[in-house]
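Letter by letter, the chains look like this.
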Amino acid sequence: MNLEKYPTLTIIQHPLIQTKLTILRDVNTDNYMFRTLLNQIASLMVYEVFRNTDTVEVEVSTPLETTTGYKLSKEITLVPILRAGLGMVSGIHQLIPRARIGHIGLYRAKNTLEPVEYYTKFPPNLSETKVILIDPMLATGGSASAALTFIKQRNVKDISFVCLVAAPEGVERIIADHPEVPIFTAALDRELNDHAYILPGLGDAGDRIYGTE
Ligand code: PRP
Ligand code: URA
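Residues numbered from 1 in each chain as written. Chains lettered and ligands numbered in written order. Predicted model: local features only at pLDDT ≥ 70, side-chain atom pairs only at ≥ 80, totals over all residues. Heavy atoms only, no water.

As a further point, take the site of ligand 1. In the vicinity of ligand 1 lie 15 residues, with R108, D135, T140, G141 and S143 positioned nearest. The separation between an oxygen atom of ligand 1 and a polar side-chain atom of R83 is 2.9 Å. Here ligand 1 loses 90% of its free accessible area of 500 Å² to cover by the protein chains. Those elements that place two or more of their residues in the shell around ligand 1 are β6 (103–108), β9 (137–138) and α4 (142–153). Class assignment of the residues belonging to the shell around ligand 1 gives a composition of six nonpolar, five polar and four charged. (Near = heavy atom within 4 Å. Polar contact = N/O pair within 3.5 Å; in protein donor to acceptor, adjacent residues only side chain to side chain. Areas by Shrake-Rupley, 256 points an atom, 1.4 Å probe, with all protein chains shown as cover. Helix = DSSP H or I, 4+ residues; strand = E, 2+ residues; numbered from the N terminus. Nonpolar A, V, L, I, M, F, W, Y, C, P; charged D, E, K, R; others polar.)

Rendered as structure tokens:
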């Protein structure tokens with residue numbers, strides 16, 4: 001696949017991520033294992049997602065002397081898209097424990113496939129933080145694009161989007177609507193089916209996390 005047309009997309013192809021993702025794709029993987037591996041992959045992705053994050057120098061006193069160290073230049077806000085985004089939050093939060101968490105509740109209407117908002121709650125001073133939008137599935141891109149619009153309406157300038165499996169259609173939608181937003185995924189799959197499910201994909205992420213199907 002020609003990835004040059006997706007300049008903001010990073011596919012994180014670490015062997016640990018790819019082998020765990022293979023188990024997630026397996027229809028025989030149960031809800032408990034699905035949740036566990038999804039959070040583990042989210043943790044492993046953090047390293048790459050934060051690779052270009054700005055830091056500022058700080059003075060630190062070791063037991064022996066004072067030296068220069070670093071801290072992230074901005075606070076971090078994690079924003080999962082409900083429901084399935086919640087399945088990656090604790091894996092990321094383990095590595096960024098001081099991050100605050102906002103929530104965006106969206107579901108795809110069964111007939112139109114358009115995102116329907118039912119809940120939004122952000123921490124204060126969102127615009128001063130680096131926001132990481134989280135949703136395992138980027139299918140048509142309607143949900144993530146709407147969520148990015150909500151976040152930008154709060155005047156946030158520094159946003160990244162983290163997913164697990166992306167379809168080309170979704171990546172193209174985000175690049176068209178939000179060309180400045182870096183997209184991180186563990187896999188770029190082939191296409192969408194007639195019901196806008198990702199192929200080969202892993203099925204309905206929310207149902208597989210919460211056992212609702
Ligand atoms: C899934 C998924 C994304 C969305 C992706 O959520 O978690 O939010 O679909 O599809 P899109 O790119 O075509 O918008 P769903 O609507 O099934 O809600 P859920 O997480 O509550 O199950
Ligand atoms: N949402 C999912 O959970 N899975 C898909 O394949 C597409 C959208």
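Tallied over the full model, the rule gives one aromatic pair. A centroid spacing of 6.1 Å and a plane angle of 35° characterise the contact between Y107 and Y118, whose relative ring orientation is tilted. Residue Y107 is found in strand β6, and its partner Y118 is found in strand β7 (residues 115–121); the two are separated by 11 residues along the sequence. The class of Y107 is partly exposed, set by a relative accessible area of 45%. Relative accessible area serves as the criterion here: at 44%, Y118 is assigned to the partly exposed category. A cation over a ring is seen here: R108 above Y197, with NZ or CZ 5.7 Å from the ring centre. (Phe/Tyr/Trp six-rings, centres within 6.5 Å; stacked < 30°, edge-to-face > 60°. Buried < 20%, exposed > 50% of the residue type's maximum accessible area, 1.4 Å probe, protein only. Lys NZ or Arg CZ within 6 Å of the ring centre and 35° of its normal.)

Here the focus is the packing of helix α1 (residues 15–25) against helix α2 (residues 31–49). Contact geometry of α1 with α2 gives a least axis separation of 10 Å together with a crossing angle of 155°. As the angle between them shows, α1 and α2 are arranged roughly antiparallel. In the crossing of α1 with α2, the sense of the turn from one axis to the other is left-handed. Contacts between α1 and α2 involve L16, I17, K20, L21, I23 and L24 on the former and, on the latter, F34, L37, L38, Q40, I41, L44 and M45. (Axes fitted to C-alpha atoms, helices over the stretch in contact; angles between N-to-C directions. Parallel < 35°, antiparallel > 145°, perpendicular 65-115°, else oblique. Left-handed = near helix turned anticlockwise from the far one by under 90°. Contact = heavy atoms within 4.5 Å.)

Among the surface-exposed residues, I23, Y32 and M33 lie close enough to one another that they form a single nonpolar patch of about 300 Å² accessible area. Within the element layout of this structure, Y32 appears in helix α2. (Patch = residues over 30% accessible without salt bridge, like charges linked within 9 Å, V, L, I, M, F, W, Y side chains within 5 Å. Salt bridge = Lys/Arg side-chain N within 4 Å of Asp/Glu carboxyl O.)

So, on to the pairing of strand β8 (residues 130–134). Residues in a regular strand point their side chains to alternate faces of the sheet. By the criterion of burial, β8 is predominantly enclosed, with five of the five residues buried. Burial along β8 is two-sided: K130, I132 and I134 and V131 and L133, pointing in opposite directions, are all buried. Relative to β8, strand β4 (residues 76–82) runs parallel, the two sharing five bridges. Across the sheet, L78 pairs through a bridge with I132, a residue of β8. Across four bridges, β8 lies against strand β10 (residues 159–162) in parallel orientation. Bridging across to β10, I134 finds its partner in V162. (Pairing = 2+ DSSP bridges.)

This paragraph deals with the side chain of T185. Position of T185 among the secondary structure elements: in strand β12 (residues 183–185). Reaching out from T185, the side chain makes a polar contact with the backbone oxygen of L164 at a distance of 3.0 Å. For T185, the residues in contact, after removing those within four places along its chain, are L9, T10, I11, I12, M45, C163, L164, V165 and A166.

Here three strands make up an open sheet; going across it, the order is β9-β11-β13 and the pairing parallel. The outermost strands of the open sheet, each flanked by one partner alone, are β9 and β13 (187–188). Here β9 pairs with strand β11 (residues 165–166) via two bridges, running parallel. Across the sheet, the residue bridging to L138 is A166, located in β11.

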